[in-house]
Amino acid sequence: MLTPWLSWICALLLIAGLYGGLIYAPPDYQQGESFRIIYVHVPSAWMSMFVYVLMATAGGVGLIWHIKIAEVFAKSCAPLGASFTFLALATGSLWGKPMWGTWWVWDARLTSELILLFLYLGYMALQSAFDDRRVAARASAVLALVGLINIPIIHYSVEWWSTLHQGATVTKLDAPSIHIDMLIPLLIMALAFKLYFFTIVLIRSRTEILEYECNSKWVSDLLNETEVSK
Amino acid sequence: MKPLNTTYNNAGKATGESGFEVSGLECIRQDIILFQDISFKLQSGDLLQVDGVNGSGKSSLIRILAGLMQPSAGEISWRGRNISECRYQYQKEMSYIGHLNGVKNTLTADENLEIMKALSGSPQSIPLSEVLAKLELGGMDGITLNRLSAGQKRRVGLARLLVTNSKIWLLDEPFTSLDSSGKSVIEQLIVEHSLQGGITVFSTHQPVEIEGCSIRHIHLGKK
Amino acid sequence: MKPLNTTYNNAGKATGESGFEVSGLECIRQDIILFQDISFKLQSGDLLQVDGVNGSGKSSLIRILAGLMQPSAGEISWRGRNISECRYQYQKEMSYIGHLNGVKNTLTADENLEIMKALSGSPQSIPLSEVLAKLELGGMDGITLNRLSAGQKRRVGLARLLVTNSKIWLLDEPFTSLDSSGKSVIEQLIVEHSLQGGITVFSTHQPVEIEGCSIRHIHLGKK
Amino acid sequence: MVVQEFFHMGGYAFYVWTSYALTAVVLIFNVVQPLIRKRKSKRDLIMRLRRNLR
Amino acid sequence: MWRDIILAFRHRAELFNPLIFFTMVIVLFPFAFGSDIGLLNRVMPGTIWITALLATNLSLEGIFRSDFDDGSIEQIILSGYPLTLLVIAKITAHWCLTGLPLIIIAMFTAFLLSFPEHVLQTLFFTLLLGTPVLSLIGAVAVALTIGLRSGGMLLSLIILPLYMPILIFAMLAVENKMAGMSVDAELYFLSGMLVLAMTLAPLATASSLRIRMS
Amino acid sequence: MWRDIILAFRHRAELFNPLIFFTMVIVLFPFAFGSDIGLLNRVMPGTIWITALLATNLSLEGIFRSDFDDGSIEQIILSGYPLTLLVIAKITAHWCLTGLPLIIIAMFTAFLLSFPEHVLQTLFFTLLLGTPVLSLIGAVAVALTIGLRSGGMLLSLIILPLYMPILIFAMLAVENKMAGMSVDAELYFLSGMLVLAMTLAPLATASSLRIRMS
Ligand code: HEM
Ligand SMILES: Nc1ncnc2c1ncn2[C@@H]1O[C@H](COP(=O)(O)OP(=O)(O)OP(=O)(O)O)[C@@H](O)[C@H]1O
Ligand SMILES: Nc1ncnc2c1ncn2[C@@H]1O[C@H](COP(=O)(O)OP(=O)(O)OP(=O)(O)O)[C@@H](O)[C@H]1O
Ligand SMILES: [Mg+2]
Ligand SMILES: [Mg+2]
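Keep in mind it's a predicted model, so treat the numbers as computed, not measured. (Residues numbered from 1 in each chain as written. Chains lettered and ligands numbered in written order. Predicted model: local features only at pLDDT ≥ 70, side-chain atom pairs only at ≥ 80, totals over all residues. Heavy atoms only, no water.)

**A closer look at the overall build of chain E**
Here's step 1: In terms of helices and strands, chain E carries nine helices and zero strands.
Here's step 2: In sequence order, chain E lays out its α and β elements as α-α-α-α-α-α-α-α-α.
Here's step 3: Burial status across chain E gives 65% buried among its 214 residues.
Here's step 4: A separation of at least 24 residues holds for 79% of the contacts in chain E among residues at least 6 apart in sequence.
Here's step 5: Total accessible area computed for chain E in this model is approximately 7100 Å², and 70% of it derives from carbon and sulfur atoms. (Helix = DSSP H or I, 4+ residues; strand = E, 2+ residues; numbered from the N terminus. Buried < 20%, exposed > 50% of the residue type's maximum accessible area, 1.4 Å probe, protein only. Contact = heavy atoms within 4.5 Å. Areas by Shrake-Rupley, 256 points an atom, 1.4 Å probe, with all protein chains shown as cover.)

**Section: the side chain of serine 48 of chain A**
Here's step 1: Within the secondary structure, serine 48 of chain A is located in helix H2 (residues 38-65).
Here's step 2: Excluding residues within four positions of it along the chain, serine 48 of chain A makes contact with Gly81, Phe84, Thr85, Glu113, Leu116 and Tyr120 of chain A.

**Digging into the coordination of the magnesium ion (ligand 5)**
Here's step 1: Listed as protein donors to the magnesium ion (ligand 5) are Ser59 of chain C (OG) and His99 of chain C (NE2); their distances from the metal cover 1.8 to 2.2 Å. Here the residue serine 59 of chain C occupies a position in helix H1 (residues 58-66), and histidine 99 of chain C occupies one in the loop between strand S6 (94-97) and helix H3 (109-120), the gap between them amounting to 40 residues. (Donors = N, O, S within 2.8 Å, 3.2 Å for Na, K, Ca; no water.)

**Focus on the side chain of threonine 56 of chain E**
Here's step 1: Within the secondary structure layout, threonine 56 of chain E lies in helix H3 (residues 37-69).
Here's step 2: Assessed through its relative accessible area of 5%, threonine 56 of chain E is described here as buried.

**A few points about the pairing of S6 of chain C**
Residues and elements named next belong to chain C.
Here's step 1: Where burial is concerned, the two faces of S6 agree: the one with Met94 and Tyr96 and the one with Ser95 and Ile97 are both buried.
Here's step 2: Looking at chain direction, S6 and strand S7 (residues 168-172) are connected through four bridges and run parallel. Bridging from a neighbouring strand, serine 95 pairs with tryptophan 169 of S7. (Pairing = 2+ DSSP bridges.)

**Quick look at the site of ligand 3**
Here's step 1: In the region of ligand 3, 20 residues are neighbours, and Ser149 and Gly151 of chain B together with Gln30, Ser59 and Ser60 of chain C sit closest.
Here's step 2: One nitrogen or oxygen atom from the main chain of asparagine 146 of chain B is found 3.3 Å from a nitrogen atom belonging to ligand 3.
Here's step 3: Protein contacts shield 87% of the accessible area of ligand 3, which totals 640 Å² for the unbound molecule.
Here's step 4: Secondary-structure elements contributing two or more residues to the shell around ligand 3 are helix H5 (150-164) of chain B together with H1 of chain C.
Here's step 5: Taken together, the residues of the shell around ligand 3 sort by class into three nonpolar, 13 polar and four charged. (Near = heavy atom within 4 Å. Polar contact = N/O pair within 3.5 Å; in protein donor to acceptor, adjacent residues only side chain to side chain. Nonpolar A, V, L, I, M, F, W, Y, C, P; charged D, E, K, R; others polar.)

**Points about the nonpolar core**
Here's step 1: Formed by 288 residues in total, the largest nonpolar core has its most connected members in Phe20, Leu65 and Leu170 of chain B together with Phe20, Leu65 and Leu170 of chain C.
Here's step 2: Among the elements that line this core, the one with the most residues is helix H8 (residues 151-178) of chain E, at 17 residues.
Here's step 3: Apart from the residues lying within four places of it in its own chain, the contact partners of leucine 170 of chain B are Ile62, Leu65, Ala66, Tyr90, Met94, Ser95, Tyr96, Ile97 and Val201 of chain B. (Core = buried A, V, L, I, M, F, W, Y, C linked by side-chain atoms within 4.5 Å.)

**Looking at the sheet that holds strand S2 (residues 32-42) of chain C**
All names here are of chain C.
Here's step 1: Pairing in this open sheet of four strands is antiparallel, and the strands run S2-S1-S4-S5 from one edge to the other. Across the chains shown, the open sheet's two edge strands, defined by having one partner strand only, are S2 and strand S5 (81-82).
Here's step 2: Across seven bridges, the pairing between strand S1 (residues 20-29) and S2 is antiparallel. Across the sheet, residue isoleucine 28 finds its bridge partner in S2, namely isoleucine 33.
Here's step 3: Across the sheet, H1 touches S1, S2 and strand S4 (73-78), and the angle it forms with S1 is around 130°. (Axes fitted to C-alpha atoms, helices over the stretch in contact; angles between N-to-C directions.)

**A short note on a nonpolar patch on the surface**
Residues and elements named next belong to chain D.
Here's step 1: Taken together, Ile28, Val31, Val32, Leu35 and Ile36 make up a surface patch of nonpolar side chains, about 420 Å² in accessible area.
Here's step 2: Structurally, valine 32 can be placed in helix H2 (residues 13-53).
Here's step 3: The partly exposed category is assigned to valine 32, whose relative accessible area is 39%. (Patch = residues over 30% accessible without salt bridge, like charges linked within 9 Å, V, L, I, M, F, W, Y side chains within 5 Å. Salt bridge = Lys/Arg side-chain N within 4 Å of Asp/Glu carboxyl O.)

**Things to note about the sheet that holds strand S9 (residues 216-219) of chain C**
Residues and elements named next belong to chain C.
Here's step 1: With parallel pairing, five strands are arranged side by side in an open sheet as S6-S7-S8-S3-S9. The open sheet has two free edges, formed respectively by S6 and S9, since each of these has just one partner strand. The sheet shows a mean angle of 15° between the axes of neighbouring strands, taken without regard to direction.
Here's step 2: Bridge count for strand S3 (residues 47-51) against strand S8 (residues 199-203) is four bridges, and the pairing is parallel. The residue of S8 that forms the bridge with glutamine 49 is phenylalanine 202.
Here's step 3: On the sheet, H1 packs against S3, S6, S7 and S8 and is oriented at approximately 155° with respect to S7.
Here's step 4: Of the strands in this sheet, S6 and S7 touch helix H5 (residues 150-164), which is tilted by about 175° from S6.

**Some words on the site of ligand 2**
Here's step 1: By nearness alone, 20 residues border ligand 2, and Lys58, Ser59 and Ser60 of chain B together with Ser149 and Gly151 of chain C come closest of all.
Here's step 2: Each of chains B and C places residues next to ligand 2.
Here's step 3: Here a nitrogen atom of ligand 2 and a side-chain polar atom of arginine 29 of chain B are 3.2 Å apart.
Here's step 4: The contact in question runs from an oxygen atom of ligand 2 to an N or O atom on the backbone of glycine 151 of chain C, over 2.6 Å.
Here's step 5: The protein chains hide 87% of the 630 Å² of surface that ligand 2 would expose on its own.

Next up, the structure:
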């Protein structure tokens, strides 16, 4: 029921964010127009971490209380999280070339983000290695929880090491060191990404539940109503 | 043959409380329902044989009873409590022997028994040589298991029953590779165990000759 | 059930020459003489059961017959030649199934059968699905063996007999973990094999119900 | 002129537009793929049910 | 009882195997990198750490696989002792047989190469703090993947991201020390990881084993 | 038939496993040795060779052990094909899955590090000639020790002296090339070893397997 609403709001926000980011915001005095990558880079990077935390939490809930919905949700998160991580890496790389003069360096933030991608891939590979869905869900939840350690490392890496990567510009609580005209589109984009994620994850989860419950009565009833009779 | 195991850990508590109770058990593997709505009660001295064709879910049932697998639905309780609540206490009173012997091929019979003993944490010590003699393995103690025959290895695996001294025995095809005398040794062990108030659940495809106590049957799969 | 294997490799040569001949076989393991002076002759259609208690040397004898182990003394000849002289020709006409199934747990039944076929180099191709159906494994082809039950795994191991199509079968406790219907499938296979002129040597601790051909026995160990 | 400038992105066109294009592709893929899978798994389930009914 | 269990697990492992393994690497070392002491000194920490990663990973897999194949793991799970404790015992035994000899041999080699002493100390501490973490994390990953069809690949895929931070911090510490900087931050981080791994990894291993059994 | 057999053996191994394993080592590589390209270039050949030794050794042991444990080895011996041929097939399959990917990844890494081209060629040839020898010799040693109580230790002890000459000559070749000298002698030696190993090792492996079975 929720998905159409979510997707409309999401589309609107995306358009607004794109307008704000590409047209409204002034060019950066140091980086010129290239800074506009921020509007895809930073939301993806944030989402990559956010989704992981969500996935691990849901996995943990499923592991402890054996709640099916949580298991399904965690499983549906993984491909999206991996996509966001990939985007963060790719757009970061595309930004790094003009800014740092290189596509890639082995610096702490970049590396830990790469590790995050591997974690997602490992999680998905582990999920598909089992045939029993519940066993798969529980085993991969353990992995997700163990990998959670990486999230703070990603976030604080810029503080702990001297790195090439930008320090906290937006997430400083007191005073973001970024112009307000640049900030607003960024926040809109971030929100749009978040809604996008929830929309897709809902769609995914539904399919997943259908497959999970293939032995139960309500699924056969549901399908009977709609199609089997045809 | 003298009975070796005359007392059980926590044997005192048994009185008054119910024994082993299974209700509404269901097992689904690879989206196929193996069994559904299995319920039974086992009291001290009961003997249950699980029957069914290959792949009907006998091993799955026994593993679920052992607490190795989670059932898709249903409950198993021991002394009135769900076995996943009192897991370690239950395990201390239970011995499971599956298709695999759970012994190390590169160690000797002696060393394997010592590991079993250390892991079971059972306090009283039956001399290991006596255990081996009872299983007709006398003189085999210093030989690593990869130099024993299949039946001799199975006997070392089954020695766990004598070493750990527990009240519930869950035996998945215990007679595999045993000759007829080995088979009757185990059958006799089961009878003794039952007479002393132990509970045994076992599966086998071979005809069983047990005298002195009655066997209940449960049949899995289509008839 | 239609017989699947109606012709044998090199079947033509069998006439005129003697079949399988064993003379003065002796096996010593760990300085203990397991058996001595074993001699027998097997012709087309013969069926030999090896009896003996656990550890009496049944598996050792069968492995020696297969050419896996060297006897301490004695000779084995096939079609008049010592089997170590015509090793590969002998092996092409012989199938051995031991205590271990010789199958890969991480592969599916299909893949395992294909490996067996590739290694046996047997030219004619019985459809693998037919082999599986015959062993009551229909529909199990795409499942890796570590998700099959013990009896189902054993059946995949025994499928070797149907895939490789050889004249001599050496079976060490083939009925292990099989249910009664699986056991009778194998028993019937053995009978068919024997009726078609095959030779079978097998060991088992279970009562065998074979009708239609006579079984010779050999007893190892002290009586 | 303004439009051209916009697409030029102050010389960073390649980097900026590649990032946006990549993002668009990935986001669209993530919409389409689950929808396809939903259709497919529904069809599979229905086949399964029909098989069981018979 | 505690001693018994550790002994029981130790029994099974090969005491000399990892020792010889490391000796082999150390012996090969000058062959692989030439005999320029300066260069040897520079690459020694890295080599030792990579060896540690590989050795831990592969020996852990061996131990768990054999337990899995012969059914010992079922009996361990059903032993009546908390599985977490048994896992700790198993990992401890494993570390005693790989991590410990590695450290000893590394120190010995460093001594032979007259490795600068103050850096040696740092290397020692990183190894002391880091190798148990490798064993602990490795146990989780192995427990998750053992016996699966694509187990080996999965194991590498899972273990790589988890080992990387340890390696990075250990090498950072050694490099900083060589450059004369403070290494407190890195050692704190490694200690933190160790404490975290010690509390969480046995739990995670135990629950993965349980899950894998069903 | 020949193709069938090789396929049969390949089936069992994991195609991606060694690839990921080597990628892992290569990814760890800059972490372990810092990002100084000059240093990385100097230690790369040595690291690649040590990795090759370890990976060959350990994966061979894994393959044979699993064949031993599940009875496949008996069936291979009894298959009716000359065992030597089957051993050759098995070793070939193994090399295709470890040696070959190693070489490919090594070349790729060298390319990324802009390793000097003329030395790269030498490194390539040493790997091409040397890694099959590793697989061949390893197979003999593994066949001799598999399933023994102290198999692991024995394996290392047997393998170490056999591998050493290969490693030494390979490294000599690379160093000589770096110094601008001729490397013919070393490459001839490696080729000789390869020819020798190819003719003798399968025979030795086959007969050790036969002996181990009884
Ligand atoms: C492949 C290269 C890159 C990767 C993997 C990467 C990754 C990340 C990640 C994970 C975050 C989120 C951190 C957090 O919220 O804790 C982030 C934020 C950010 N990145 Fe990147 N990045 C890359 C390149 C770049 C480049 C080249 C720039 C600009 C010169 C840049 C600018 C930013 C900015 C401004 C933020 C927001 C920081 C904040 O306020 O938290 N990134 N990046
Ligand atoms: N590890 C597993 N994962 C998934 N499915 C399994 C697994 N083990 C067994 N199964 C499936 O569950 C079913 C029951 O297996 P189980 O081992 O319980 O049978 P069983 O009654 O013990 O048979 P047997 O007499 O052959 O021992 C089988 O059809 C099998 O395909
Ligand atoms: N690999 C081996 N190395 C040395 N001795 C062995 C080996 N395998 C078996 N033996 C010894 O040889 C004897 C006979 O073993 P064998 O396996 O032939 O017995 P079996 O008759 O097949 O017994 P079972 O009925 O238990 O299968 C045993 O006493 C055993 O101790
Ligand atoms: Mg079973
Ligand atoms: Mg036998």
